Structures are given as C-alpha cells and as structure tokens.
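Residues per chain, in single letters:
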Amino acid sequence: MTPRRIAVVGAGMAAARFAHQALALAGPGELDITLYGREPHAPYNRALLTGVLAGRYGATALGLPTGGAAVRAGAEVTDIDPAARTLRTATGEAARYDALVLATGAGPLPAPVPPPPAADRPDADGHRAPERHAPRRGVHVLRSLADAARLTEDVPLARRATVVGGGALGVDAARVLAGRGLRVHLVHRAPHLMDRHLDAGAAAVVRRGLEAVGVTVLTGREVTALLGGARVTGLAFADGGRHATDLVVLACGVRPRTRLARAAGLTVRDGVVVDDTLATSAPGVYAIGDCAEHRGVVHGRAEAAWAQADVLAARLSGARPGARYAGSPRFLRLSAGGLQVAAIGDSTGDSTGGDGSPTDTVHLADATRGSYKKLLLRGDRLVGALLVGDLTGVADLTAVHERSEPVPRDPLHLLTTEGALQ
Ligand SMILES: Cc1cc2nc3c(=O)[nH]c(=O)nc-3n(C[C@H](O)[C@H](O)[C@H](O)COP(=O)(O)OP(=O)(O)OC[C@H]3O[C@@H](n4cnc5c(N)ncnc54)[C@H](O)[C@@H]3O)c2cc1C
C-alpha cells in the first residue's frame, strides 16, 4: 500500500530529490510529504558551497526544487518512535507518519584538540592548571550555507590561511582561498593529495596546479592541535613542528549523522544500515544519502544520494514498487577552476581480480600541459580510470565502466578521442 503521509528527516540534497521525484510520480493528492530540516533554509545544492565562498554564487542561486513538498526549515527532529510512527521536533511539535525517511546527511569530523598539557595534570599538591580548549575563532568547516557565510566574513580578517585535509574539498577550498588573496597552506596527512582517489602521479599534477595559484602544499604532516587563545594563531604537527596561521579550514572528512537512528534502536554500523529497498531495520523507516550504509558502503556523494532517492521515490509513490538500489559506482569529479580531475572505479588500483588476474595499466602523462591519464584494465574490462587536466573521454570511460563492457581493442582511443565508442 502507498503510504500517504511521508516525513523526511533532513531537508538536504537527498531529501529534496526524493520529494521532487515522489510527488512527480504519484497521482494528485496521493502523497503528503513533509521535509523537516535543522538548517534555517529550504534545500540547496551543498556541492556548490565553494562557489559561494569564491563569490561566484549567491545563496539563493543554490535552491533545489522539492515538487511542492512542505518544508519545515529550522525544525530539528529530536526523537522518532518507529513503533508508534511518530516524531518530535526541538520545538516540541509532534507529528504522525505512515513512512519515515532518514536523510540526515553527514557532519564534519571534529577538530584536533590539544592533548592535555603537562601543566594540566595535578601537581604534587593535587592542584590543576585551568583546562585548555582548542581555539574556536578563526576555525572553520565548510558543510553548510551558514559555514560558508561565517568563513566569508572571516576572510578579510586574515592574511594566512591553512586548510587541513587534502581530499577533494580541501583542494577546492585551498584554491578558492588563494583566489581571495590569502597566503594558503594545504596540510595533508598522507604522502600525496587526494590519496583515496589518486595515485602519486596524478596527485603530483594536482599539487603543481595548486602551487601555480600560490598554495603551498605540505604532505605527510599530521596536525595534532590548534594553537591560540580565543582565536587560532597556529597549528602543531605530530613531528613537533608548528605553523603560524590566522585562519583554519578543517576538511578532514565527515561521518554519517546516525544519532536519531541509534536512539530509536535501528541497526547502525558506520551509517544507518539499509537493504536494496532502502529500508532500515525498523518497519516503515527508510534511509537515503550520506547517512545511509548500503552493502557496507557509505557513499558520501550527491550522485549516490540522488540514485537512492530516485529508487525510494519510485517505490513509495507506487510507480515502481519493485524498484531496487544495487549500489553506485565509485566516481569522483572535481572541477576546481582550471583544475579538472575525474577518478572512476578502482582508480588507485587497490582491488584485485577475484580470479587473481593481473591489472594492466595504460598511461599518458604530459607534465608541461598538466595532463595525466591512466586506465586500469583487467582482461578486456575497465576496472578504473584517472584523468587530470584534460578530461577528454570521461563520458565514454564512465559508460564503459558502469556497464562493465569490453574495452575497444586499442584502449588508448578512449583517452584521446571524445565519443570513441560511437
Ligand atoms: C563543500 C562541499 C562540496 C561537495 N561537492 C560534491 C561534489 O562535487 N560531488 C558530489 O557528489 N558530492 C559533493 N559533496 C557531497 C554532497 O553534498 C553530499 O553527498 C550530499 O549533500 C548528500 O545529501 P544528503 O541529503 O544525504 O545530506 P545533506 O545534503 O548534508 O543534508 C542533510 C540535512 O539534514 C539535516 N539534519 C541532520 N539531522 C537532522 C535532524 N535531526 N533534524 C532535521 N534535520 C537534520 C542537516 O542539517 C542537513 O541540512 C560536497 C559536499 C560539500 C560540503
């Protein structure tokens, strides 16, 4: 039976897509969908936040359609009761639902806090020095429009900025801050940038692209503490080094928001565990987007969130009650000004063929023009690809990988010709 009242916890990218698709598929008046969002905004495209920081977009340009669903902005859901099919908000409002969709997203990992200073341990008389905390002013994350607004306000107060974390978000944020006239350092723990998606060669091209716009890249350095009083003045590294800065952006990763699900007794591992129907362990409760864990994977990407939202919308609207989500391919696309990166599938060559078959690589690198291309092949199948600089062929490669089709006899064509498959 099609549920009539659907409550969605979270009013982010997955929620908006779900509501829009479900209402488009359902008959008039069949569904009554309410999005409860903690942020004081209607849903918006979070993936464009660095564009807001760069001054390229105003906040209103980011709005996402919801197909006419009711949006309760500034309404944090504090409790859900799957047995009674009710929820409660921070303002004390209670609501009943037929189906509940958790779309609470992911939150940034916390800042490194200083280890207790020696003076903090009790001395011989049992006296303690006042407890120290990590500084708060000048320390930022970039996950919401409010974060982007706070960071934008702080930029004119700083000359030096440090971005901690050299994944896609850290790389993009460093580039934008350099473009806003700050002297920027990008600090990354691993030996090379974007190490979850890039090999050392591709990362070197990204590094050179950042250095060309004035960003200093420090790899293999782990930040252990933020220094300063009320406002940040520097960072401490695990190797004992220190680094002075006026502003810090933490881009150290995210973790799924699962508090509500845990409190309600749902099965949670890294994320809220869902099956191929996006159902959680509680009847009538579903989860999609960055908070959901499907087949052991939390995707943390908009494309996967949308694919999950589409399947759930097809099911709950009654349009395709048998629709199933079979997972999303690994894919990363970064368009950071002149810096273009695409990583498809097993782009670092970490996986092994189940049958022990070797992985072959096809490789084109042009350091002068900042281009790096690599295909990883097992037999006649593409298991991964990396493109930096020149993204010619990305559409064909994505299609070949997703459909698991045999590659052409000369796979180099895929790297040099757009539309080689036609
Ligand atoms: C700067 C940035 C750039 C990105 N770039 C890309 C990119 O290029 N490509 C890509 O694929 N992905 C990108 N992402 C990731 C992408 O934004 C996420 O995968 C996507 O937003 C996931 O959608 P979601 O709805 O699951 O979570 P979100 O969009 O984060 O929405 C979750 C919402 O739920 C709200 N919420 C949480 N708990 C509650 C509660 N108890 N009650 C009410 N509301 C609650 C949160 O406040 C939030 O508004 C980027 C993310 C950031 C931050």
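Note that this is a predicted model, so its numbers are computed, not measured. (Residues numbered from 1 in each chain as written. Predicted model: local features only at pLDDT ≥ 70, side-chain atom pairs only at ≥ 80, totals over all residues. Heavy atoms only, no water.)

Undergrad: Can you explain the site of the ligand? Please cite residues and give values.
TA: The environment of the ligand is made up of 30 residues, and the closest members are A14, E39, R46, A302 and E303. The contact in question runs from an oxygen atom of the ligand to an N or O atom on the side chain of R46, over 2.8 Å. Residue E303 places a side-chain N or O atom 2.7 Å away from an oxygen atom belonging to the ligand. For the ligand, whose unbound accessible area comes to 1,000 Å², protein coverage reaches 89%. Looking at the shell around the ligand, the elements that each hand over two or more residues are α1 (13-25), β2 (32-37) and α7 (302-316). Counting contributing residues per domain, the shell around the ligand is built from domain 1 (4-107 + 255-317) and domain 2 (110-252), each supplying no fewer than three. (Near = heavy atom within 4 Å. Polar contact = N/O pair within 3.5 Å; in protein donor to acceptor, adjacent residues only side chain to side chain. Areas by Shrake-Rupley, 256 points an atom, 1.4 Å probe, with all protein chains shown as cover. Helix = DSSP H or I, 4+ residues; strand = E, 2+ residues; numbered from the N terminus. Domains from an automatic or database assignment.)

Undergrad: Describe the layout of surface pockets, naming the residues involved and giving the relevant values.
TA: Computed from the structure, the second largest pocket encloses a volume of approximately 180 Å³. Forming the boundary of the second largest pocket are 13 residues, of which R301, E303, P329, F331 and E402 lie nearest the centre. For the lining of the second largest pocket, the secondary-structure elements that each account for two or more residues are α7 and α8 (394-403). A class-by-class count of the residues in the lining of the second largest pocket yields 5 nonpolar, 4 polar and 4 charged. (1 Å grid on protein atoms, 1.4 Å probe; cavity = no way out; pocket = protein on both sides within 12 Å on 5 of 7 lines; lining within 4 Å. Points joined across faces, edges and corners; volume = space filled by probe spheres on them. Nonpolar A, V, L, I, M, F, W, Y, C, P; charged D, E, K, R; others polar.)

Undergrad: Quick rundown of the pattern of salt bridges? Include the residues and the values.
TA: For the structure shown, the criterion picks out 22 salt bridges. Across the salt bridge formed by R72 and E93, the nearest N and O atoms sit 2.8 Å from each other. Pair noted here: R72 is in strand β3 (residues 70-73) and E93 is in the loop between β5 (86-89) and β6 (94-96), with a separation of 21 residues, a long-range link. For the salt bridge of R175 with D172, the shortest nitrogen-to-oxygen distance reads 2.9 Å. Here D172 and R175 lie together in helix α4 (residues 168-179), a separation of 3 residues that amounts to about one turn. Of the two residues, R175 and D172, both sit in the buried class. (Salt bridge = Lys/Arg side-chain N within 4 Å of Asp/Glu carboxyl O. Buried < 20%, exposed > 50% of the residue type's maximum accessible area, 1.4 Å probe, protein only.)

Undergrad: Go over the side chain of R175 with me, naming the residues and quoting the values.
TA: For R175, a relative accessible area of 16% gives the class buried. Other than its neighbours up to four places away in sequence, R175 contacts L210, V213, V215, A336 and G337. (Contact = heavy atoms within 4.5 Å.)

Undergrad: So what about the domain arrangement of the chain? Which residues, and what values?
TA: Per the domain assignment, the segments of the chain are domain 1 (4-107 + 255-317), domain 2 (110-252) and domain 3 (331-416). Between domain 1 and domain 3, the C-alpha centre-to-centre distance is 33 Å.

Undergrad: Provide a residue-level description of the packing of α1 against α7, including the pertinent values.
TA: Running from N to C, α1 and α7 point in directions that differ by 30 degrees, and their axes come no closer than 8 Å. When you trace α1 past α7, the crossing you get is right-handed. In this structure, α1 uses M13, A14, R17, F18, Q21, A22 and L25 to contact α7, whose residues at the interface are A302, A305, W306, A309, D310, L312, A313, A314 and L316. In the contact of α1 with α7, the residues fall into 13 nonpolar, 1 polar and 2 charged. (Axes fitted to C-alpha atoms, helices over the stretch in contact; angles between N-to-C directions. Left-handed = near helix turned anticlockwise from the far one by under 90°.)

Undergrad: Outline the pairing of strand β10 (residues 160-164), listing residues and values.
TA: The two faces of the sheet receive side chains in turn, since in a regular strand these alternate between them. Of all 5 residues making up β10, 4 are buried, and the element is well covered by its neighbours. The pairing of β10 with strand β11 (residues 183-188) spans 5 bridges and is classified as parallel. Directly across from A161, in β11, lies its bridge partner V184. Direction of pairing for β10 relative to strand β16 (residues 247-250): parallel, over a ladder of 4 bridges. Across the sheet, the residue bridging to T162 is V248, located in β16. (Pairing = 2+ DSSP bridges.)

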